[in-house]
Amino acid sequence: MKARSQSKAGNPIRRPPASGNSTGSSGYSSEGHATSLIDRLSSPEVRINVEDEIDGCASSGNVITGKSGKSNTMAMSPADRVRIARTCFALACLWPFLFLLVPPSSSPASVTVMDTMAAMDSETGGNVHGLKRRMKNAHAKIDHLRALTSSRVSRNISAKTSFLQKEMSSLLRRSDVVGYGASHPRVAVVVVVPSQPESKGEGYDEDVVLNGALDSVESLFQTTDRNRIFIVTVVMDGRGKVGTFEAKLQDIDAGRTKHRHGGMVHTHDHHHDWQMEGESKKGEEQDETHTHSEKIHTLYNEEEIGVAASRNEAVHFINVLSRKHEEAGLKSHDEDLILLFLRCDATLREADDSRTWLDDITDALILPLDDNSNTAAENAYQPANAVSFAIDYSSTDTEGNVEIHHSHVGDVLAFDDLLRPQTSTANAQQMSLSNGESYPTPIVGGGATAMRLETYNALPAKDQSLWNHYSADLELSFNLWMCADGIDVLGTSLARVVVDPLVLSTQEKTNLPGPTTARLVSAWMKGHGDDEYASATLRAVANFAAADYQSKNILENGSRPRDHAMSEHRVLPEKARDLKNILVRIAEEA
């Protein structure tokens with residue numbers, strides 16, 4: 001029987017005290033000295049040393065055997081235990097990230113993960129084939145979950161998009177919520193800044209024209225709820241981009257000038273007028289700060305194309321924008337936009353209460369919705385076809401004071417035998433139709449004209465060669481009378497403008513050249529049973545041109561006829577006849 005268990009090879013055993021040199025290198029005494037050795041080991045000092053030795057072996061991984069002489073655990077060096085501990089710690093830290101960051105099993109990056117696991121396998125000496133199999137199964141589950149989630153997300157997005165479109169369509173019918181809709185359509189405005197005349201003359205000022213256009217646009221935002229402005233298209237004919245003009249338009253669009261929200265007119269806090277009012281406005285300034293969507297779009301025509309072509313270009317842009325809004329669900333198909341042609345020398349009149357010009361125009365042009373009847377025949381009210389705004393004129397005295405000259409109820413604009421504009425008055429029968437609130441006018445006044453967008457799109461004639469505002473308005477009037485239901489003036493309504501006579505020249509507002517007259521006569525009179533009237537118009541234009549030619553000749557030659565009465569009869573009949581033949585040829589070729 002051995003007195004103590006074997007120790008791991010390579011670990012020396014401490015020699016007991018007073019053992020002498022009779023023992024071998026192993027530290028054990030011979031069998032004959034067993035009794036004396038046991039006696040010595042039973043001493044207290046030796047017992048303490050042995051217990052220390054046992055504790056040291058246990059702490060270093062050497063386990064004392066039992067009676068059978070075999071170890072209770074596998075013998076392992078400290079270096080191996082540290083290596084395994086580190087590997088297990090790394091796996092414990094990185095394990096959750098394997099399911100989140102590892103790519104699908106079909107990805108090339110999975111090879112890198114497997115190579116890493118193989119390297120860990122070779123380092124630790126363990127078997128990771130089971131781990132690889134579990135990883136592969138995890139990849140398959142992740143791929144399945146991704147495919148399932150992707151299909152569910154696609155279905156959810158489609159369902160949510162359809163739901164939002166339905167909600168938007170339902171919301172667009174609530175004009176009391178969004179501020180516009182089928183019963184309260186928005187307005188699309190066209191402002192054309194005409195090209196500079198070849199002979200500018202003494203009264204023409206480019207800055208006055210541009211400032212007049214800015215005043216027109218600013219008056220629109222000041223008198224119209226922004227929610228009901230669809231777009232304002234400003235066409236710069238024969239002009240490139242003007243930096244100061246564009247910057248001022250951006251100020252108007254951003255709300256740095258007075259603008260209307262419902263019944264409230266305000267200016268944003270960064271406007272200089274509010275900054276100068278002192279501390280009392282600080283709280284209001286913070287409340288008024290908000291952002292606006294863009295409402296102004298500027299078109300620049302480097303080469304002049306004329307007023308009529310500029311208007312058609314702007315309306316084409318409005319139609320495209322309207323269609324895009326409908327496709328995006330931002331506009332209801334039932335909302336029939338109102339189109340407003342606003343001349344750049346006209347400003348809309350301010351209202352004292354929450355009601356504006358657009359409310360009066362909507363009542364005139366849009367048939368009210370009736371839940372009980374869905375046909376126009378069941379409603380006694382018939383909407384107007386187009387509305388020409390009543391025109392007031394402004395004048396400035398020497399001190400700079402502006403005075404407004406109001407027009408009278410019943411004032412309309414007509415034309416003479418030369419198709420030139422002349423003022424007129426509605427007769428008693430026309431005034432009695434609506435007690436003077438609405439009456440017809442032969443041609444539009446020119447300051448501002450409103451109609452439904454679909455009405456303008458349905459008009460047949462759009463001559464692109466009409467250069468000034470009057471010729472474009474005259475053709476528009478012929479279209480509205482001969483292809484629709486005419487033009488009305490709302491004499492007592494808020495549909496009024498103030499025209500500054502200094503902004504545009506007389507040639508822009510009243511001139512109608514002979515060739516232009518011939519084109520209009522050809523389009524609207526010849527071949528429609530009015531050949532006699534067409535011939536009389538061309539003859540009158542030719543006689544007027546001949547008389548003008550004669551008067552210019554007299555002034556250039558410095559001679560005057562002796563008898564003024566005789567000069568009326570000597571109007572160069574040959575010249576008049578030649579001019580009429582020219583006009584007839586132009587009319588035939590038009």
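What counts and how
- Residues numbered from 1 in each chain as written.
- Predicted model: local features only at pLDDT ≥ 70, side-chain atom pairs only at ≥ 80, totals over all residues.
- Heavy atoms only, no water.
- pLDDT = per-residue confidence, 0-100.
- Contact = heavy atoms within 4.5 Å.
- Core = buried A, V, L, I, M, F, W, Y, C linked by side-chain atoms within 4.5 Å.
- Buried < 20%, exposed > 50% of the residue type's maximum accessible area, 1.4 Å probe, protein only.
- Helix = DSSP H or I, 4+ residues; strand = E, 2+ residues; numbered from the N terminus.
- Expected span 1.5 Å × (residues − 1).
- Arc of directions from axis to C-beta.
- Axes fitted to C-alpha atoms, helices over the stretch in contact; angles between N-to-C directions.
- Parallel < 35°, antiparallel > 145°, perpendicular 65-115°, else oblique.
- Nonpolar A, V, L, I, M, F, W, Y, C, P; charged D, E, K, R; others polar.
- Polar contact = N/O pair within 3.5 Å; in protein donor to acceptor, adjacent residues only side chain to side chain.
- Pairing = 2+ DSSP bridges.
- Salt bridge = Lys/Arg side-chain N within 4 Å of Asp/Glu carboxyl O.

Peer 1: Tell me about the confidence of the model for the chain, and please be specific about residues and values.
Peer 2: On average, residues of the chain score 74 in pLDDT, and 62% of them reach the 70 mark or higher. A low-confidence stretch, residues 371-380 (pLDDT under 50), is modelled with three contacts involving residues beyond four sequence positions or located in other chains. A low-confidence stretch, residues 562-566 stays under pLDDT 50, and its non-local contacts, those more than four residues away or across chains, total zero contacts.

Peer 1: Explain the nonpolar core to me, and be specific about the residues and the numbers.
Peer 2: Ranked by internal contacts, the top residues of the largest apolar core, which has 44 residues, are Ile-361 and Phe-389. Take this core: its biggest share by element is seven residues, from helix H7 (residues 206-223). The next biggest cluster of nonpolar side chains, apart from the first, holds 40 residues, and it includes Leu-299, Ala-308, Leu-459 and Val-521.

Peer 1: Give me the side chain of Thr-455: which residues, what numbers.
Peer 2: With respect to the element layout, Thr-455 can be found in helix H14 (residues 453-457). Note on Thr-455: relative accessible area 12%, which makes it buried.

Peer 1: Got a sec to walk through helix H8 (residues 243-254)? Specific residues and values, please.
Peer 2: Its 12 residues place the ends of H8 16 Å apart at the C-alpha level, agreeing with the 16 Å of an ideal helix rising 1.5 Å per residue. Considered for burial, the residues of H8 that qualify are Phe-245, Glu-246, Leu-249, Ile-252 and Asp-253. In a view along the axis of H8, the buried residues occupy a sector of 115°, so they form one face of it. Exposed side of H8, more than 90 degrees from the buried face: Gly-243 and Thr-244 are the residues found there. Contacts made by the buried residues of H8 are with H7, strand E2 (229-237) and strand E5 (296-301).

Peer 1: Explain the packing of helix H15 (residues 469-482) against helix H17 (residues 514-524) to me, using residue names and the numbers behind them.
Peer 2: Where H15 contacts H17, the two axes come as close as 11 Å, and the packing angle between them is 10°. On the basis of the axis angle, H15 is roughly parallel to H17. Counted together, Ser-471, Leu-474, Glu-475, Phe-478, Asn-479 and Met-482 of H15 and Thr-516, Leu-520 and Trp-524 of H17 form the full contact between these two elements. Of the residues belonging to the contact of H15 with H17, the class tally is five nonpolar, three polar and one charged.

Peer 1: If you had to explain the side chain of Gln-222 to someone new, which residues and values would you point to?
Peer 2: Relative to the elements of secondary structure, Gln-222 occurs in helix H7. Judged by its relative accessible area of 13%, Gln-222 falls in the buried class. Of the polar contacts made by the side chain of Gln-222, one reaches the side chain of Glu-350; its length is 2.9 Å. Leave out the neighbours within four places in its chain, and Gln-222 touches Lys-258, His-259, Arg-260, Val-265 and Glu-350.

Peer 1: Talk me through the pairing of strand E12 (residues 421-425); I want residue IDs and the actual numbers.
Peer 2: Where strand E11 (residues 411-415) meets E12, five bridges bridge the pair, whose relative direction is antiparallel. Within E12, the residue paired with Phe-415 across the bridge is Pro-421. Where E11 folds back onto E12 in an antiparallel hairpin, the turn is made up of five residues, including Leu-419, whose phi is positive at roughly 65°.

Peer 1: Give me the pattern of salt bridges: which residues, what numbers.
Peer 2: As enumerated under the stated definition, the model contains 16 salt bridges in all. Between Asp-473 and Arg-311 there is a salt bridge, and its shortest N-O distance comes to 3.0 Å. Residue Asp-473 is found in helix H15, and its partner Arg-311 is found in helix H11 (residues 307-327); the two are separated by 162 residues along the sequence. Pair check on accessibility: Asp-473 and Arg-311 agree, each one buried. Across the pair Asp-336 and Arg-452 runs a salt bridge, and its minimum N-O distance is 3.9 Å. Remark: Arg-452 occurs in strand E14 (residues 448-452) and Asp-336 occurs in the loop between H11 and strand E6 (338-342); sequence separation between them is 116 residues. Connected via shared salt-bridge partners are Arg-349, Asp-392 and Arg-496.

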